[in-house]
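Below are the chains, spelled out letter by letter.
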Amino acid sequence: MEKKPVISATRSLATQLLFLISSILYTCTSATAQELLVGFKANPSSSVSSFQSLLNDSTSTFSLGFLRVNQTQLALTVIHLPSLRPLWQANPTSSFRWSDETQLFFNGSLVISDPQKRSFWSTGTSQQGDKVVLLNSSNLQILQKQVVLWQSFDFPTSTLVENQNFTSNMSLVSSNGLYSMRLGDDFMALYAGFKDGKTQQMYWKHKALEAKAEVVQGQGPIHARLESDGFLGMYQIGKTPVDIQPFNSFHRPIDRFLMVQLEPDGNLKGYYWAQTDWVLDYQAITETCELPSPCGPYGLCRPGSGCSCLDNRTQVDTASFQCIDGDDQSGDFCTGSDDFWVLRRKGVELPFKELMESDTTSSSVEECELSCQRNCSCWGAVYNNATGFCYPLNYPIQTLVGVGDESKVGYFKVRTKRSWHKKMKVGIRVLGAVIVVLTGVVVGYGGYKIWNRRRRGPKRVLEEKTEVSPGPYKNLGSASFKSIEMF
């Protein structure tokens, strides 16, 4: 009786050891690889709900894998594992299905393809790589005998991480595709693609202060780099920066991982990882109303008061986050006078007017409005009575800033929604044109027949009538020959 507990305890210990060994073996066999060799293939697993890891760095801080998007799609991304935050994405403009038909493989180039959607992306490595590795910096590389053939740091998407160079031939693009960051000769700037990406309007610009070094013409373009000391620097020659944009944690002894990201609202923000969460460390634009479109199309932003609408509505449509339907971005306002109506508002100005072109030839608000009214691609204009500056808007109207000065006047065109009866009217016009053309063809053909008969004379017409209606006793072979001759 006394030995039974010992036997029970022994069995319990053995069971625990077996479970522990099984767990270790399972972990080892299911551990994510730290390099991909030629011949590697992978498909998304239906059992994965968020992220399927395929390749890790040596610290398991970063991982390359399939990230589920909207349940049915995937993105090939490098993520920060503790937070599952994407840092880089392959071909962000195309989507791939979360399906066993979608495949990632390495044949010297890293390739992902979805044959059904005809989506395809490849590193396009000109020389055949022999392996893929992910560094502790989150940089994905293809190597050939330890020589780098391709790396993700050369193709950033919306994010830069610490010690990553950003050159003049690169651009950061927000995840929604509306905003981008690029370098100029001696500055970095943010741009908005308000009109299907065709019109690029600069809305933020930071010129190099050149405090420690100067930008020298003819010495090559500048580049930027996010430094681990806590600043975004611009460089031209050597290691001395021509400009420093310090973060809040600048020169503070913090064990951190830094990144900057171009957000969907158009702001450039810097963060550091604080073991459990990302801490905001930098903002290029500190005031909400200075963002390119914080209240959506035809919105009005008042500092400290939030969003309202240019048409005097106090509430922005929370479902669409816009005051007036701005889906129709076609800029031709000359197709008809009923295609748009005019909205005027006093006490408004543009959030980034210093970066916009102005027309100084308009001597009054009426002339400013008239110049826009006559321009088929002009969506609106803002006039400052104090300075006489007229700012034409050649892109769909976004958010304006509300000010107390009513001498600043806005003139805005609003596209009229094309209702079903307007579409029917257009259809009737098209149908009428087709009928006119067909009528002309029929009348022309009839006229030709009459003219042709008159030219041949009465005798020939009588012969034709006789040939067309042969009697039962007419020679069949002759009739057949003459019928063929008519055609």
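That block above? That's the structure.
This text gives an overview of the structure that appears in the document. Predicted, not measured: the structure shown is a model, and the values here were computed from it.

**Things to note about the overall build of the chain**
In step 1: A tally of regular secondary structure across the chain gives five helices and 33 strands.
In step 2: Across the 487 residues that make up the chain, the buried fraction comes to 43%.
In step 3: When contacts within the chain are restricted to residue pairs at least 6 apart in sequence, long-range pairs at least 24 apart make up 51% of them.
In step 4: Element-wise, carbon and sulfur atoms account for 55% of the exposed surface of the chain, whose accessible area totals about 27700 Å².

**So, the sheet that holds strand 20 (residues 223-227)**
In step 1: Reading across from one edge, 15-20-21-22 is the order of the four strands in this open sheet, with antiparallel pairing throughout. Two strands in the sheet have a free side with no partner beyond their single neighbour: strand 15 (165-166) and strand 22 (243-246).
In step 2: Sheet topology note: the strand 15/strand 20 ladder contains two bridges and is antiparallel. Bridging from a neighbouring strand, Phe166 pairs with Ala224 of strand 20.

**A short note on the side chain of Asn267**
In step 1: With respect to the helices and strands, Asn267 occurs in the loop between strand 23 (258-262) and strand 24 (268-273).
In step 2: Separated by 2.8 Å, the side chain of Asn267 and the backbone oxygen of Ile285 make a polar contact.
In step 3: If near-sequence neighbours (up to four positions away) are discounted, Asn267 is found in contact with Gln261, Leu262, Gln283, Ala284, Ile285 and Leu291.

**Points about the pairing of strand 17 (residues 179-183)**
In step 1: With four of five residues buried, strand 17 lies mostly within the body of the structure.
In step 2: Of the pairings in the sheet, the one linking strand 16 (residues 172-173) to strand 17 comprises two bridges and is antiparallel in character. Among the inter-strand pairings, Val173 is bridged to a residue of strand 17, identified as Ser180.
In step 3: What sits between strand 16 and strand 17 in their antiparallel hairpin is a turn of five residues, with Gly177 showing a positive phi close to 75 degrees.
In step 4: Where strand 17 meets strand 18 (residues 187-193), five bridges bridge the pair, whose relative direction is antiparallel. Following the sheet pairing, Met181 is matched in strand 18 by Leu190.
In step 5: Hairpin geometry of strand 17 and strand 18 is characterised by an intervening segment of three residues between the two adjacent antiparallel strands.

**Here's the deal with the packing of aromatic side chains**
In step 1: One pass over the structure, following the stated rule, counts 14 aromatic pairs.
In step 2: With a centroid separation of 6.4 Å and an interplanar angle of 75 degrees, the aromatic rings of Phe66 and Trp98 are classed as edge-to-face. With Phe66 in strand 4 (residues 62-69) and Trp98 in the loop between strand 7 (96-97) and strand 8 (103-106), the pair connects residues that are 32 residues apart, well separated along the chain.
In step 3: Through pairs of rings, three or more aromatic residues link up here, namely Phe62, Phe257, Trp273 and Trp278.

**Thoughts on the environment of Phe62**
In step 1: Tracing the sequence through the fold places Phe62 in strand 4.
In step 2: Spatially, the C-alpha atoms of Phe62 and His80 are 4.8 Å apart, while their sequence positions differ by 18 residues.

**Thoughts on the pattern of salt bridges**
In step 1: Counting across every chain of the model gives 11 salt bridges.
In step 2: Across the pair Arg97 and Glu101 runs a salt bridge, and its minimum N-O distance is 3.1 Å.
In step 3: On the basis of relative accessible area, Arg97 is assigned to the buried category, the value being 17%.
In step 4: Salt bridges here are not isolated pairs; linked through shared partners, they connect Glu349, Lys353, Glu354 and Lys408.

**Topic: the nonpolar core**
Considering soluble globular proteins, one finds that nonpolar side chains tend to be buried as a cluster.
In step 1: If you look at the biggest cluster of nonpolar residues, it comprises 52 residues, and the most contacted ones within it are Tyr203, Leu268, Tyr298, Leu310, Leu400 and Phe412.
In step 2: Dropping the residues within four chain positions of it, Leu268 is found in contact with Leu172, Met181, Leu190, Leu232, Val260, Gln261, Leu262, Tyr282, Gln283 and Ala284.
In step 3: Among the nonpolar cores identified, the runner-up in size contains 34 residues, and Leu74, Ala90, Ile112 and Phe153 belong to it.

**Structural notes on the side chain of Ser362**
In step 1: Take Ser362: it is sitting in the loop between strand 29 (348-349) and helix 2 (365-373).
In step 2: Classification of Ser362 as buried rests on a relative accessible area of 5%.
In step 3: At 3.4 Å, the side chain of Ser362 forms a polar contact with the side chain of Asp359.
In step 4: With residues up to four places along the chain from it excluded, the contact list for Ser362 reads Glu367, Cys368, Ser371, Tyr383, Gly388 and Cys390.

What counts, and where the lines are drawn
Residues numbered from 1 in each chain as written. Predicted model: local features only at pLDDT ≥ 70, side-chain atom pairs only at ≥ 80, totals over all residues. Heavy atoms only, no water. Helix = DSSP H or I, 4+ residues; strand = E, 2+ residues; numbered from the N terminus. Buried < 20%, exposed > 50% of the residue type's maximum accessible area, 1.4 Å probe, protein only. Contact = heavy atoms within 4.5 Å. Areas by Shrake-Rupley, 256 points an atom, 1.4 Å probe, with all protein chains shown as cover. Pairing = 2+ DSSP bridges. Polar contact = N/O pair within 3.5 Å; in protein donor to acceptor, adjacent residues only side chain to side chain. Phe/Tyr/Trp six-rings, centres within 6.5 Å; stacked < 30°, edge-to-face > 60°. Salt bridge = Lys/Arg side-chain N within 4 Å of Asp/Glu carboxyl O. Core = buried A, V, L, I, M, F, W, Y, C linked by side-chain atoms within 4.5 Å.

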